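A structural walkthrough
Given next are the chains, with one letter for each unit.
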Amino acid sequence: EKSRSEPEMANSKDESKTSETRAVRPNGVPIEVRPGDLVTVHYTSRNPEGGVFETSHNRRPLQFVAGKDSVIAGLSNYVIGLRPGERRTIRVSPEEGFGRRDPSLEQVVARRSLPETLMEGDQLTVTVADRDIDVWVKSLNEESAVIDANHPLAGETLVLEFELVTFERSKR
């Protein structure tokens, strides 16, 4: 026999679609994600043309705290109000994604100061004022290289498809 505090699982009304389930309280009220809850999602990130650049479907789902800044705002905020099994597809502006490109984060450096095996598109970590920063090699020639500290997706509109797998209520 189940305890009164354990949620029961109820099937969604439309079983012709995927077998989505949602948690409900014993009184039948759905349990939805609130800010501060620890959520687990599967996601696929695409560019607006449909090209996939990242997915969690070939690894463990992503966990984060809803409404916090450990992931992009476009995902962190849009899970609020969802129930386990619910899916969404959203367009994420650069401001809710990886930010606008900042031209001041690009710098020309002498080619000789970089590893010989470096190629365009490679990522490396540089230390600036005792702080490690990830940069990408934007362009490269025999004398110089342009390194870029912008996130590679800065300035891009993203399309996120995600499913709330589960969540744990925060202990307020």
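Right, let's walk through the structure included here. Note that this is a predicted model, so its numbers are computed, not measured.

1. What to know about the overall build of the protein chain
- Summing up its helical and strand segments, the protein chain has one helix and eleven strands in all.
- In the protein chain, the succession of helices and strands from N to C terminus is β-β-β-β-β-α-β-β-β-β-β-β.
- Within the span of the protein chain, comprising 172 residues, buried residues form 31% of the whole.
- Pairs at least 24 residues apart make up 60% of the contacts formed inside the protein chain by residues separated by at least 6 positions.
- In the form shown here, the protein chain has an accessible surface area of approximately 11300 Å², with 47% of it arising from carbon and sulfur atoms.

2. As for the pattern of salt bridges
- One pass over the full model with this rule turns up ten salt bridges.
- Arg59 serves as the salt-bridge partner of Glu54, at 3.4 Å between the closest nitrogen and oxygen.
- With its nearest N and O atoms 2.7 Å apart, the salt bridge here joins Glu95 to Arg100.
- Taken together, the salt bridges that share partners define one network made up of Arg101, Glu106, Lys138 and Asp148.

3. Observations regarding the sheet that holds strand β7 (residues 106–110)
- If you trace the four strands from one edge of the open sheet to the other, you get β7-β10-β9-β8, paired in antiparallel fashion. The strands lining the two open edges of the sheet, one partner per strand, are β7 and β8 (123–128). For this sheet, the mean angle separating the axes of adjacent strands, direction not counted, is 45°.

4. Remarks on the side chain of Asp37
- Mapping Asp37 onto the fold places it in the loop between β2 (21–24) and β3 (38–46).
- The class of Asp37 is buried, set by a relative accessible area of 0%.
- Separated by 2.8 Å, the side chain of Asp37 and the backbone nitrogen of Arg34 make a polar contact.

5. Considering the side chain of Ser76
- Mapped onto the fold, Ser76 is located in helix α1 (residues 73–76).
- For Ser76, a relative accessible area of 0% gives the class buried.
- Not counting chain neighbours up to four residues away, the residues in contact with Ser76 comprise Phe64, Val65, Ala66, Gly67, Lys68 and Val71.

Criteria and thresholds
Residues numbered from 1 in each chain as written. Predicted model: local features only at pLDDT ≥ 70, side-chain atom pairs only at ≥ 80, totals over all residues. Heavy atoms only, no water. Helix = DSSP H or I, 4+ residues; strand = E, 2+ residues; numbered from the N terminus. Buried < 20%, exposed > 50% of the residue type's maximum accessible area, 1.4 Å probe, protein only. Contact = heavy atoms within 4.5 Å. Areas by Shrake-Rupley, 256 points an atom, 1.4 Å probe, with all protein chains shown as cover. Salt bridge = Lys/Arg side-chain N within 4 Å of Asp/Glu carboxyl O. Pairing = 2+ DSSP bridges. Axes fitted to C-alpha atoms, helices over the stretch in contact; angles between N-to-C directions. Polar contact = N/O pair within 3.5 Å; in protein donor to acceptor, adjacent residues only side chain to side chain.

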